[in-house]
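Chain and residue survey
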Amino acid sequence: MRRKRILLLWAERRRLLAGFSAALIVGLCSFPAFAQENITVEYDQLRQLLLDGNINLKEANDSYESTKKNYQDLMEQMRQEQEYMKFLAEKYEDTEDEMSYAASASMLGAQASRLSKQLEAMNRRTRTLTIEENTDSYTMAAQSVMNSYNQMVLNAAAKEKSVQAAQASYEATVKRQSSGAATAADVMEAADWLSQQQNLLSASRQEVSQLRFSLLSMLGLPDDGTVAIGTIPEPDLMEVDGVNYEEDKLRAVNNDSQVQSVRHSKAGTTAEIARKSKEEAEAAGSAEAEFLSIYQSLQEARLTYQASADAYESACAAYQSLQLKKQAGMLSQTDYLEGEADYLKAVADRGGAAMNLKQALENYRWAVKGTEQMRQ
């Protein structure tokens, strides 16, 4: 049943990405330099890369209906990525990978929800969004995909070392069995552990490849080996620790798309004015609750980051000790590889926590900004 589900998810994701593949082909015709030069996708350049290479974004202001369709396609892509990450989190429940997949699912789901909210606002306003609003939405989605990609890259690196350690352990167990120091059950257990680690590595590599394809397609760039994807910048801890919730909440509510939509709606009669006032209060209450949730997620991400940073410092000390023991000939190859795997896991955890905090901060910024351009 699970195998059938995963195959259906992959097929649906490929179908949704077909539109972006078509945009990629057009993008290559428009920007032939991409196919000739090695370039690196930097996080801070995502907005400009989208403006340069995403055909759907370029055409987003052509008509109201085309804008809606592009938003719908982008939202569905985020939903499919989210569902697949949720599937992996469920598949690897109670393993060290569950949290990472769940975090990526949460990030992608948040962007899908924002796009859905934007679509609802568009349906009420029945007008094409501004270039600023369109670019904001596409940039938010690209940030989430690039963030998830980088987390999967770190996880894959840790998994590669785990597979090496499991392989060494299995081979050592087989040798011990031949000398009577291990049983057939021990060998079977070591083989099962190796198989599990290999499956986890395969899943990580597949997701790295898929997220890379998704991001480059969004940017209108070829996935032909000429493009490198950069890393995610470290979160600004001073900004995180210095946020002013009460002040930002007022801006976020005032800039919320639903609140803006209600405020710009017409009301002539007494009944219409009363209904509008009620709808505005409800929209403001909903926006405030949503912003509180985003703020709480930011604070939780900050705590998780600090915990992972502390664990990373301990892992660094343990890794230095591991190196000294290795040099002194006090460790077997298996023990050394397992120690390396533990260290790389701490590196991945710390990196993932940093990227989750970065995304939480981005979500907070976007929530405060809202549809600010509508009021200008």
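Above this text sits the structure in question.
Residues numbered from 1 in each chain as written. Predicted model: local features only at pLDDT ≥ 70, side-chain atom pairs only at ≥ 80, totals over all residues. Heavy atoms only, no water.

1. Quick look at the overall build of the protein chain
From N to C terminus, the protein chain includes twelve helices and two strands. Secondary structure elements in the protein chain, listed N-terminal to C-terminal, are α-β-α-α-α-α-α-α-β-α-α-α-α-α. Across the 376 residues in the protein chain, those meeting the buried criterion constitute 47%. Of the contacts made within the protein chain by residues no fewer than 6 positions apart, 84% connect residues no fewer than 24 positions apart. (Helix = DSSP H or I, 4+ residues; strand = E, 2+ residues; numbered from the N terminus. Buried < 20%, exposed > 50% of the residue type's maximum accessible area, 1.4 Å probe, protein only. Contact = heavy atoms within 4.5 Å.)

2. Points about the nonpolar core
Grouped together as the largest cluster of nonpolar side chains are 43 residues, with contacts concentrated most on Val41, Leu46, Met78, Tyr101, Met146, Leu215 and Leu219. Going through the elements one at a time, helix H2 (46-53), helix H4 (64-91), helix H5 (98-125), helix H6 (131-178), helix H7 (184-219) and strand E2 (227-229) are the ones with two or more residues in this core. Counting residues per element, this core draws most heavily on H4, at nine residues. Residues Ala252, Tyr305, Tyr364 and Ala367 belong to the second largest nonpolar core, which totals 16 residues. (Core = buried A, V, L, I, M, F, W, Y, C linked by side-chain atoms within 4.5 Å.)

3. Brief notes about the packing of aromatic side chains
On inspection of all chains with the given rule, the structure shows seven aromatic pairs. Plain terms: the ring middles of tyrosine 84 and phenylalanine 87 are 6.1 Å apart, the flat faces sit at 25 degrees to each other, and that makes the pair stacked. A residue pair is termed a helical-turn pair when its members lie 3 or 4 positions apart in one helix, as tyrosine 84 and phenylalanine 87 do in helix H4 at three residues. Exposure remark for tyrosine 84: the relative accessible area of 0% places this residue in the buried category. Taking the relative accessible area as the measure of exposure, phenylalanine 87 reaches 3% and is therefore buried. Chaining the aromatic ring pairs together yields one cluster made of Tyr245, Phe291, Tyr295 and Tyr364. Across the ring face of tyrosine 336, the terminal group of lysine 326 is positioned such that the distance to the ring centre comes to 4.8 Å. (Phe/Tyr/Trp six-rings, centres within 6.5 Å; stacked < 30°, edge-to-face > 60°. Lys NZ or Arg CZ within 6 Å of the ring centre and 35° of its normal.)

4. Focus: the side chain of lysine 249
Tracing the backbone through its elements, the reader meets lysine 249 in helix H9 (residues 245-255). Among the polar contacts made by the side chain of lysine 249, one reaches the side chain of glutamate 246 at a distance of 3.2 Å. Setting aside residues no more than four positions away along its own chain, lysine 249 makes contact with Glu288 and Phe291. (Polar contact = N/O pair within 3.5 Å; in protein donor to acceptor, adjacent residues only side chain to side chain.)

5. Brief notes about helix H11 (residues 270-327)
Side chains that are three or four residues apart share a direction in an α-helix, a result of its 3.6 residues per turn. With 58 residues, H11 should reach 86 Å at 1.5 Å per residue; the first-to-last C-alpha distance of 84 Å fits that figure. Directly after H11, the chain includes glycine 329, whose backbone phi takes a positive value near 70 degrees. (Expected span 1.5 Å × (residues − 1).)

6. Looking at the environment of glutamate 239
Locating glutamate 239 in the fold gives a position in helix H8 (residues 237-241). Considered as a pair, glutamate 239 and leucine 361 are 122 residues apart in the sequence and their alpha carbons are 8.6 Å apart. Other than its neighbours up to four places away in sequence, glutamate 239 contacts Leu361 and Arg365.

7. Notes on the packing of H2 against H6
Here H2 crosses H6 at 115 degrees, and the two axes come no closer than 9 Å. The crossing of H2 and H6 is right-handed. Contacts between H2 and H6 involve Leu46, Arg47, Leu50 and Leu51 from the former and Glu132, Thr135, Asp136, Tyr138, Thr139, Ala142, Gln143 and Met146 from the latter. Considered class by class, the residues forming the contact of H2 with H6 number six nonpolar, three polar and three charged. (Axes fitted to C-alpha atoms, helices over the stretch in contact; angles between N-to-C directions. Left-handed = near helix turned anticlockwise from the far one by under 90°. Nonpolar A, V, L, I, M, F, W, Y, C, P; charged D, E, K, R; others polar.)

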